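Summary of the model geometry
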Amino acid sequence: MSKAKGMRHRGQRKSTAALSEDGEAGTPTAIGTPPEDPQPTKPGLDGALMVYPPKRIKRRRWFIAGIAIGVLTALSAILYVNPTQNTHISRMQELLGDLDVMSIIPDSLLPDDFIQDMTKLLALDSHPARSTGEFEPALSLAKQEGLSKKHNVILVPGIISSGLESWSTASCSRPYFRQRLWGTSTMFKAILLDKDCWKQHIMLDKKTGLDPPNIKLRAAQGLDAADYFITGYWIWGKAIENLAVLGYDSNDMSLAAYDWRLSYYDLERRDQYFSHLKARIEISRSAGKKTVLVAHSMGSQVVQYFMKWVESSAGGNGGPHWVNDHIEAVVNLAGSSLGVPKTLASLLSGEQRETVQPLASYLLDHFMSRKELARVFRSWTGLPSLLPKGGNAIWGDLDGAPDDPIANSTDINTLVEPANNTADMPQYVSFGGQIRFDGDSDSSSGLHNQTMQGSLQLLFSALSRDELRLLNRDYSFGVFRTAKEMEAHKNDHRVWTNPLQHQLPNAPGLSIYCIYGHGATTERAYYYTTENATMDDLHDSSGVPAFKIDRTHRPHVSNVDIGIVNGEGDGTVPLLSLGYMCADGWRKPLFNPHGVRIVSREFVHNPLAVFKDIRGGAEAADHINILGNHDATADMLRIVAGQGHQIQDRFTSNIREYARRINIP
């Protein structure tokens, strides 16, 4: 494979239709919807920059298939113990009778792959010896370092991890009164046996973005609102156990659960969520304690919004010094500060990696179609807060992306030619094309490969009028390049969820820690098709074709699997979103003019074999299991115990190299 001819450096490429106010190309700066992405006339190498990665990314799906089959078995058991559910039993029998196991085994999973998988599964792990088990590492740290509680602690969960319980008393709601319709086994039972009623409760009103008539779903409260998602599957449970060892209890440790379906604007409007959070922190301060906010995933954006809201005259009216006076530190665990590409796919076509796996796709076709999923996702006005931010400036263009892994090069437009290059060596698809089509265009729709800006524009075109109105009311996805722009919009709540469009608070005494894992295969871009994707009421009124992820097997590319272009991250959030702001953005005066202390802590995802620990053990660092990671938990404990000043940067990925390729002052 030879180097592409005529490729230009990012700084030389201009696109007049995507110019910002200061003349930079490919960077949306306006509030709300990014500008429409023009169709490129010279995408470079036929629209798909091919490079050779340092190592090939491979998927392991046997465990996923096993879990799915196990869930089927469990659901069968639930149904058979209820003699009144004969119709549901018949449905389950019909489903299992139609199940062709061989048809759902991926074509790409060859016998030699299986042998390699089993060899690795049975191999002895080389993990270093460390204290593990219940209440670790807190027991060891309390003994060895004398750690004990100091600051007040508030845990802020991420999307879908807070339980939602019904307070409705009308119609089908009565059997579920004060039961959780999100979280616990009640949710699964309701989906399986009473799907229409469950959908009525879980969806928000499409015009108001609030509760539908006669429906009331509220976030469960207390530490048990997000300690376990279902019995045996911990979320915050391990963190709470470890904090208890240092002396914390419900008097100085709380969980700020929220209805994650709502936009942050509506969280305050309906539930006064941020007012309650402010009052809780002020009560602690009156007792002489500052607060450490420990946030996970989407919770990191909730905290960012809160810090802007609380100091704004249009919000909590706490003034410019409130954060400095009340908050000791913010701990972002797997924070999604710049958004998640899988959110785009979820809203556009009701799909993501989990739903397009062969077995999962089969089950969903029988229980809830992607059209139904898309309807549910689009009703949640909080979900667009996770759409990718920064447009092409962060996520790249059709010439390449900042996080394209190119060995021995700092130029993202350079192709790597291995010394032993062969014609049949698998190629690597650049991340710059967020939505791709085989052959660079879709013959049915006439659409071409799309960058992140173009993909967002495609989504906005497919949304209904009410969905787009609410999205534009609540969010902005661009980049501000001057302090003047940020000052002009400091009271605009739409930019408070976007760290590229506001500055950190005037809090020189504050520390922000970004703690996350990497090294897990993560969704970064997608191949789409309109073939056999019939027009439906999600798309036909907008004139946009109905899309679906193209699951065609592509053995010639090493980082594409069932239509998903895989990159680096924690299995859910790409590395760029996890790490850019802490590694680079917040270290610049433009975004951090008051000198807030910034610390990055990276951990390689290094799970145990499944038969040893189904959650991966003490060194698992993927998106959820980072909450039980030994070293990440130790960092969190030192911070709340007042020893955060001892914690320094720890970089184990290429995030600083990727950041240098991003052209933001």
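Our structure is the block above this text.
Just so you know, these numbers come straight off a predicted model, no measurement behind them. (Residues numbered from 1 in each chain as written. Predicted model: local features only at pLDDT ≥ 70, side-chain atom pairs only at ≥ 80, totals over all residues. Heavy atoms only, no water.)

Right, let's get into the pattern of salt bridges. Applying the stated criterion across every chain, the model contains 30 salt bridges. Among the ionic pairs, Arg661 bridges to Glu657, the shortest N-O distance being 3.4 Å. Here the two residues Arg661 and Glu657 agree in accessibility, since each one is buried. (Salt bridge = Lys/Arg side-chain N within 4 Å of Asp/Glu carboxyl O. Buried < 20%, exposed > 50% of the residue type's maximum accessible area, 1.4 Å probe, protein only.)

Glancing now at the packing of aromatic side chains. The full count for this structure, using the stated rule, is 22 aromatic pairs. Ring centres 5.9 Å apart and planes at 35 degrees place the aromatic pair Phe274 and Trp309 in the tilted group. Residue Phe274 is found in helix H10 (residues 273–286), and its partner Trp309 is found in helix H11 (residues 299–311); the two are separated by 35 residues along the sequence. For the residue pair Phe274 and Trp309, the accessibility class agrees, reading buried in each case. Their ring planes at 70 degrees and their centres at 5.3 Å tell us that Tyr305 and Trp496 sit as a pair that is edge-to-face. (Phe/Tyr/Trp six-rings, centres within 6.5 Å; stacked < 30°, edge-to-face > 60°. Helix = DSSP H or I, 4+ residues; strand = E, 2+ residues; numbered from the N terminus.)

Backbone-to-backbone hydrogen bonds join strands into a sheet, with any given pair of strands oriented parallel or antiparallel. Reading across the sheet, the three strands line up as S4-S3-S5 and stay open at both edges, with antiparallel pairing between neighbours. Because the sheet does not close on itself, it has two edges, and the strands there are strand S4 (180–182) and strand S5 (217–219). The average angle at which neighbouring strand axes cross in this sheet is 40 degrees, direction not considered. Strands strand S3 (164–166), S4 and S5 of the sheet are contacted by helix H7 (residues 195–202), whose axis makes an angle of about 80 degrees with S4. (Pairing = 2+ DSSP bridges. Axes fitted to C-alpha atoms, helices over the stretch in contact; angles between N-to-C directions. Contact = heavy atoms within 4.5 Å.)

In this model, Glu136 is joined to Pro137 through a cis peptide bond whose omega is 10 degrees. Considering the arrangement of structural elements, one finds Pro137 in the loop between helix H4 (111–122) and helix H5 (138–144). We note that Phe135 has phi near 65 degrees; this positive angle belongs to a residue other than glycine. Notably, Ile160 is not glycine yet its phi reads approximately 65 degrees, a positive angle. Following the sequence through the fold, Ile160 ends up in the loop between strand S2 (152–156) and S3. Given a relative accessible area of 36%, Ile160 falls into the partly exposed group.

To continue, consider the nonpolar core. With 146 residues, the main nonpolar core has Trp236 and Phe306 as its most contacted residues. The residues contacting Phe306, other than those within four sequence positions of it, are Phe274, Leu277, Lys278, Ile281, Trp322 and Ile327. Within the second largest apolar cluster, nine residues are counted, among which are Tyr428, Val429, Ala525 and Tyr527. (Core = buried A, V, L, I, M, F, W, Y, C linked by side-chain atoms within 4.5 Å.)

Attention now moves to the environment of Thr652. By the secondary structure assignment, Thr652 is in the loop between helix H22 (630–640) and helix H23 (655–660). When its relative accessible area of 36% is taken as the criterion, Thr652 is described as partly exposed. C-alpha separation for the pair Thr652 and Gly517, spaced 135 residues apart in sequence, amounts to 9.4 Å. Setting aside anything within four residues of it in sequence, one finds Thr652 in contact with His518, Glu602, Phe603 and Val604. A polar atom in the side chain of Thr652 sits 2.7 Å from the side chain of His518. (Polar contact = N/O pair within 3.5 Å; in protein donor to acceptor, adjacent residues only side chain to side chain.)

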